[in-house]
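Coordinate inspection notes
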Amino acid sequence: MVEVSIVGPGDGELFVNGPSQIRILEDGSSTNHRLGIGEITIPPHTPGPPQHRHAQHDEGFYVLSGSVRFTVGQTDHDAGAGTWVMVPPGAPHTFANVSDEPAAMLNTFTPDLYVQYFRDLKDMVESGQPLTPDSVAAVWTKYGTEPSTEYAP
């Protein structure tokens, strides 16, 4: 019989990145690495990562609660609960919570490459290495990700 993965409310792998946190619900082990899923919680008035683009995976965001501002290139999109944002490879993007309320999102990675990225960040923090734009960008390169302010060709 094929195993079924069930992750309860207190389960999953938890990563804290500054004031935000991500809880991995699917690390790819149940999907033959086709899909990774995380739940991101962002406190009020919290910036996200520097704008970047991925070359090797699609990334999806479903806003569960609150409001999240997505920046794509030079354009801002305020997304409330119930909004789905799909970011294909090559599209620059970032997100932030600019509101007075916490926000939560479901985050998908296809394939699951970015689950290991969050593990790498956790290892950096635990070793005492600060998360700076340069140190994070160095980790990005391992996962086909680069800083960006415009659309990829």
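Scroll up to find the structure this text is about.
A few points on the structure.

Some remarks on the layout of surface pockets
Quantified by volume, the largest pocket comes out at close to 560 Å³. Around the largest pocket, the lining comprises 29 residues; the ones closest to its centre are N17, P47, G48, P49 and Y117. Counting only elements with at least two residues in the lining of the largest pocket, the list comes to β2 (20-26), β3 (36-42), β5 (58-65), β9 (94-96), α1 (113-126) and α2 (133-140). The element contributing the most residues to the lining of the largest pocket is α1, with 4 residues. Among the residues making up the lining of the largest pocket, the classes are represented as 18 nonpolar, 10 polar and 1 charged.

Describing the sheet that holds strand β6 (residues 67-72)
Pairing within the open sheet is antiparallel, and its 3 strands lie in the order β7-β6-β9. At either end of the open sheet lies a strand with only one pairing partner, and these are β7 (75-80) and β9. Neighbour to neighbour, the strand axes of the sheet diverge by 25 degrees on average, direction disregarded. Relative to β7, β6 is paired through 6 bridges, and the arrangement is antiparallel.

Rules behind the numbers
- Residues numbered from 1 in each chain as written.
- Predicted model: local features only at pLDDT ≥ 70, side-chain atom pairs only at ≥ 80, totals over all residues.
- Heavy atoms only, no water.
- 1 Å grid on protein atoms, 1.4 Å probe; cavity = no way out; pocket = protein on both sides within 12 Å on 5 of 7 lines; lining within 4 Å.
- Points joined across faces, edges and corners; volume = space filled by probe spheres on them.
- Helix = DSSP H or I, 4+ residues; strand = E, 2+ residues; numbered from the N terminus.
- Nonpolar A, V, L, I, M, F, W, Y, C, P; charged D, E, K, R; others polar.
- Pairing = 2+ DSSP bridges.
- Axes fitted to C-alpha atoms, helices over the stretch in contact; angles between N-to-C directions.

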